[in-house]
Amino acid sequence: MTRPALTDDRRGIVANPPGRGSPPAAPTARRRKTKGLLTITLFMLPALVLFCLLVLAPILLASYTSFFKWNGLGGLPTQFIGLDNYTRLLEDPVFKGDLGRGLFLLVMSLLIQLPLSLGLAMLLNQRMRGRAFYRLLFFAPYVLSEVITGVLFTMILSPDGGLANQILDAIGLGSLQSTWLAEPSTVMYSIFIVMTWKYFGFHMILYLAGRQSIPKELTEAAAIDGAGSWKQFRYVTLPLLGPTIRISVFLSIIGTIQLFDLVWVLTSGGPIHSSETMAITMFQFGFKRTQIGYASAISVAMFLISLVFALGYQRFVMRRDTEGAITTMRDQR
Amino acid sequence: MTATLDGRRHARPARTSRRKVVKAVSLHTIAIVIGAIVVIPLLFGLIGGFKTTAQLSTNPFGLPDPWQPGNYTEVIFSGSFWQQVWNSVFIAMATTVIVVGLAAMASFVFARFAFRGREFWFLLFTVGLMFPFAVATLPLFVLLRYMGLLDNPLGVILPQAAFGLPVTIIVLRSFFRTIPREVEEAATIDGCSSFGFFWRILLPMARPALATVSVLAIVGSWNNFFLPLVILNDPGLWTLPLGVQQFNGQYSSDTARVLAYVVLAMVPALAFYSVAERQLIGGLTAGATKG
């Protein structure tokens, strides 16, 4: 894909690209410029206003209210308490637990869910009958809402008459039966299983798309050089899938940070906080116990964690993708 | 698998073909096992909805005996279910029109105009990709309360549209860039204004890309739960996910009945997926790899 050069000789287009400042000498050029600016402003303003008002402003508002003790009543908070909400947050065992649980889900996703998705993508990349059907099927859970998935699995994992226990019983593994979601030692594993059921297809589709953008000639060349399937995968496909893998990891991390819907429906964070996530703790304080100041501090903490992570990830991990041949190839797709 | 590609392959065709069979069988076995893991929970819901709750616990695997269509017909003839479907449709449509409309206008500027600060403004929008929606929920609630938009569909529509802007702008901008400059020049020579070019030429040409981002916006809105949960108190305004959750809370002991509700709530999403699968997948992969 060649990017169309931005021209400066068209009507209504600014004749002054940044860095190449030739002063508008003729009055016609000046008129052209204002006209372009008017169009630019009119076209961009609605999106900009909506974005600033409902995406950026809430973050600023949360930063402000996080310095107050506030039950949400009245126009604006008045009882300024400085950093107290933040010191409380750092000492709160539930919040520390949230971080630990987030990390658990993330590590499990990276070790199990993503390799599984990658494996299936490689499988569905083979020539086989029914490939399109399997692809459609594996992706279907992703389309169902978290709430539907959650309610369905509450029924399946239910201790009395749930499908999971019945299956274990039927295949002679009755001793493994559990009250999956009501037991602190199993609840996070259960949540992870449901997450995997719902999201593996999404990552698989990403990998399939990435795989298909790798030119056939490269694996063919490796095959001619005597590389077997595994070596072709290990030394050709996997490195070239790097950008896709890095994006899928990125999405997993952002998803873990904001995890709410699925867990809320499955367990509401219970039993006794053993499956709470940051978003659920925030919801509990913000909407159930009306400690808006403290809940805002949790929001800000979540925001800072995702911001630091996203910037660091862009800077140190994904930077590789903005240079070199791989990117060029991807852009040509 | 180490299928060598040297001369031996042609020398012993019988062995390779047996290998091929083994390979095909193992591929299909894995695919069928995974497929079963995907399908069994769905089938459990579908068939379970035709049972009574007592049947479900005594006979979880078999077919219902006798079949109980009552759970399904009850939902189908209940007004609240259809109200929720309609609310979800309305909110998804409005969100999509707003986000795609505004993003198309902004992307047009980002793709085809050179102006000072363009990269800054574009970056500002893409920064939005890094904000988890959950982070903003509480302050959004406070903000929308000031604006008097609680218990108002707009209180869900506008934030959804705002949070959809980054990915929509990124996808549309890269598509708008691919439309050749000659097209624009020809239009200008024929007396087309910038707006005329945008409206009469660019948008019609960008129909596939617009379809893709629209599908993304619809699915995102359809599945959204956190924001409607916080904003919409009035049961008359509830979307389908809220209705499912509420129904589950109300009848949690009557498993079969909840399953019927859940299955019927799945139908619109799965039907939409079967129609718009191409656009959805195209959008997700484009959105993810170009972000």
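What counts as what
- Residues numbered from 1 in each chain as written.
- Chains lettered and ligands numbered in written order.
- Predicted model: local features only at pLDDT ≥ 70, side-chain atom pairs only at ≥ 80, totals over all residues.
- Heavy atoms only, no water.
- Domains from an automatic or database assignment.
- Buried area = accessible area lost by both parts, 1.4 Å probe.
- Salt bridge = Lys/Arg side-chain N within 4 Å of Asp/Glu carboxyl O.
- Polar contact = N/O pair within 3.5 Å; in protein donor to acceptor, adjacent residues only side chain to side chain.
- Helix = DSSP H or I, 4+ residues; strand = E, 2+ residues; numbered from the N terminus.
- Nonpolar A, V, L, I, M, F, W, Y, C, P; charged D, E, K, R; others polar.
- Phe/Tyr/Trp six-rings, centres within 6.5 Å; stacked < 30°, edge-to-face > 60°.
- Patch = residues over 30% accessible without salt bridge, like charges linked within 9 Å, V, L, I, M, F, W, Y side chains within 5 Å.
- Areas by Shrake-Rupley, 256 points an atom, 1.4 Å probe, with all protein chains shown as cover.
- Lys, Arg positive; Asp, Glu negative; His and termini not counted.
- Charge placed at Lys NZ, Arg CZ, Asp CG, Glu CD.
- Buried < 20%, exposed > 50% of the residue type's maximum accessible area, 1.4 Å probe, protein only.
- UniProt positions renumbered as here; feature names shortened; annotations may be inferred.
- Axes fitted to C-alpha atoms, helices over the stretch in contact; angles between N-to-C directions.
- Parallel < 35°, antiparallel > 145°, perpendicular 65-115°, else oblique.
- Left-handed = near helix turned anticlockwise from the far one by under 90°.
- Contact = heavy atoms within 4.5 Å.
- Core = buried A, V, L, I, M, F, W, Y, C linked by side-chain atoms within 4.5 Å.
- pLDDT = per-residue confidence, 0-100.

K.L.:
Can you tell me about the domain arrangement of chain B, naming the residues and giving the values?
P.N.:
A common way to state how big an interface is: give the accessible area lost once the parts meet. Residues and elements named next belong to chain B. Structurally, chain B comprises domain 1 (18–67) and domain 2 (79–289). A separation of 34 Å is found between the C-alpha centroids of domain 1 and domain 2. Summing both sides of the interface, domain 1 and domain 2 together bury roughly 600 Å²; the carbon and sulfur share of this comes to 78%. Counting across the interface, domain 1 meets domain 2 through zero salt bridges. For the interface between domain 1 and domain 2, the tally reads three residue pairs in polar contact (both at pLDDT 80 or more). Residue assignment for the side of domain 1 that touches domain 2 shows that the elements contributing at least two residues are helix H2 (13–48) and helix H3 (53–58). In terms of residue count, the dominant contributor to the side of domain 1 that touches domain 2 is H2 (five residues). Of the residues assigned to the side of domain 1 that touches domain 2, the class counts are four nonpolar, five polar and one charged.

K.L.:
Help me get a handle on the packing of aromatic side chains, residues and values and all.
P.N.:
Following the criterion strictly, the structure yields 45 aromatic pairs over all chains and no others. Judged by centre distance (5.7 Å) and plane angle (40°), the rings of Trp230 of chain A and Phe233 of chain A are tilted. One end of the pair, Trp230 of chain A, and the other, Phe233 of chain A, are both in helix H9 (residues 229–240), three residues apart, so they sit about a helical turn from each other. Connected via pairs of aromatic rings, a cluster forms that spans Phe43 of chain A together with Phe108, Phe113, Phe195, Phe197, Phe198 and Trp199 of chain B.

K.L.:
Pulling in residues and values, what's your account of a positive patch on the surface?
P.N.:
On the surface, Arg127 and Lys216 of chain A together with Lys20 and Lys23 of chain B cluster together to form a positively charged patch. Of note, Lys23 of chain B is situated in helix H2. By relative accessible area, which is 30% here, Lys23 of chain B ends up partly exposed.

K.L.:
Provide a residue-level description of the UniProt feature "transmembrane region" (unreviewed entry) in chain B, including the pertinent values.
P.N.:
All names here are of chain B. Under the present numbering, the feature "transmembrane region" (unreviewed entry) in UniProt falls on residues 21–47, 89–113, 120–144, 156–176, 209–232 and 258–276. Here residues 209–232 is 88% helix and 0% strand, with 32 Å between the C-alpha atoms at its ends. Along residues 258–276, the helical share is 100% and the strand share 0%, with 28 Å between the first and last C-alpha atoms.

K.L.:
Give me the UniProt feature "transmembrane region" (unreviewed entry) in chain A: which residues, what numbers.
P.N.:
Residues and elements named next belong to chain A. Residues given the UniProt feature "transmembrane region" (unreviewed entry) here are residues 37–61, 103–124, 136–157, 187–209, 249–272 and 292–313. Helix makes up 100% of residues 103–124 and strand 0%, and the two end C-alpha atoms of the span are 30 Å apart. Secondary structure content for residues 249–272 is 62% helix and 0% strand, while the C-alpha to C-alpha distance between its ends is 30 Å.

K.L.:
Describe in detail the packing of helix H4 (residues 131–143) of chain A against helix H7 (residues 184–212) of chain A, supporting the description with residues and values.
P.N.:
Residue and element names in this part refer to chain A. Taken N-terminus to C-terminus, the directions of H4 and H7 make an angle of 130°; their axes are 6 Å apart at the nearest point. The pairing of H4 with H7 is recorded here as oblique in orientation. For the crossing formed where H4 meets H7, the hand is left-handed. Contacts between H4 and H7 involve Arg135, Phe138, Phe139, Pro141 and Tyr142 from the former and Trp197, Lys198, Tyr199, Phe200, Gly201, Phe202, Met204, Ile205, Leu208 and Gln212 from the latter. Among the residues forming the contact of H4 with H7, the class breakdown is 11 nonpolar, two polar and two charged.

K.L.:
I'd love a proper account of the UniProt feature "domain: ABC transmembrane type-1" (unreviewed entry) in chain A, names of residues and values included.
P.N.:
Feature annotation in UniProt assigns "domain: ABC transmembrane type-1" (unreviewed entry) to the following positions: residues 99–313 of chain A. Regarding residues 99–313 of chain A, the helix share stands at 76% and the strand share at 0%, and the terminal C-alpha atoms are separated by 18 Å.

K.L.:
Explain the interface of chain B and chain A residue by residue, including any values.
P.N.:
Contact with chain B, which involves 100 residues of that partner, is made by 104 residues of chain A. Summing both partners gives a buried area of about 9400 Å² for chain B against chain A, and 79% of it is carried by carbon and sulfur. The interface formed by chain B and chain A contains zero salt bridges. Where chain B packs against chain A, one counts nine residue pairs in polar contact (both at pLDDT 80 or more). Residues that form the side of chain B that touches chain A fall into these classes: 75 nonpolar, 16 polar and nine charged.

K.L.:
Describe the nonpolar core, with residues and values.
P.N.:
Within the largest apolar cluster, 195 residues are counted, with the highest numbers of intra-cluster contacts made by Phe138 and Phe139 of chain A together with Leu165, Phe176 and Leu280 of chain B. A total of 16 residues in this core trace back to one element, the largest contributor, which is helix H14 (residues 255–290) of chain B. Residue contributions to this core reach at least three from each of two domains, namely domain 1 (18–67) and domain 2 (79–289) of chain B. When neighbours within four sequence positions are excluded, Phe139 of chain A is seen to be in contact with Gly201, Phe202 and Ile205 of chain A together with Tyr273, Leu280, Ile281 and Leu284 of chain B.

K.L.:
Tell me about the confidence of the model for chain A, and name the residues and values.
P.N.:
All names here are of chain A. Averaged over every residue, the pLDDT of chain A is 83; the share at 70 or more is 85%. Confidence over residues 1–27 falls short of pLDDT 50; this stretch has 43 contacts with residues more than four positions distant or in other chains. Note on residues 323–333: pLDDT under 50 across the span, and 17 contacts to partners over four residues away in sequence or across chains.

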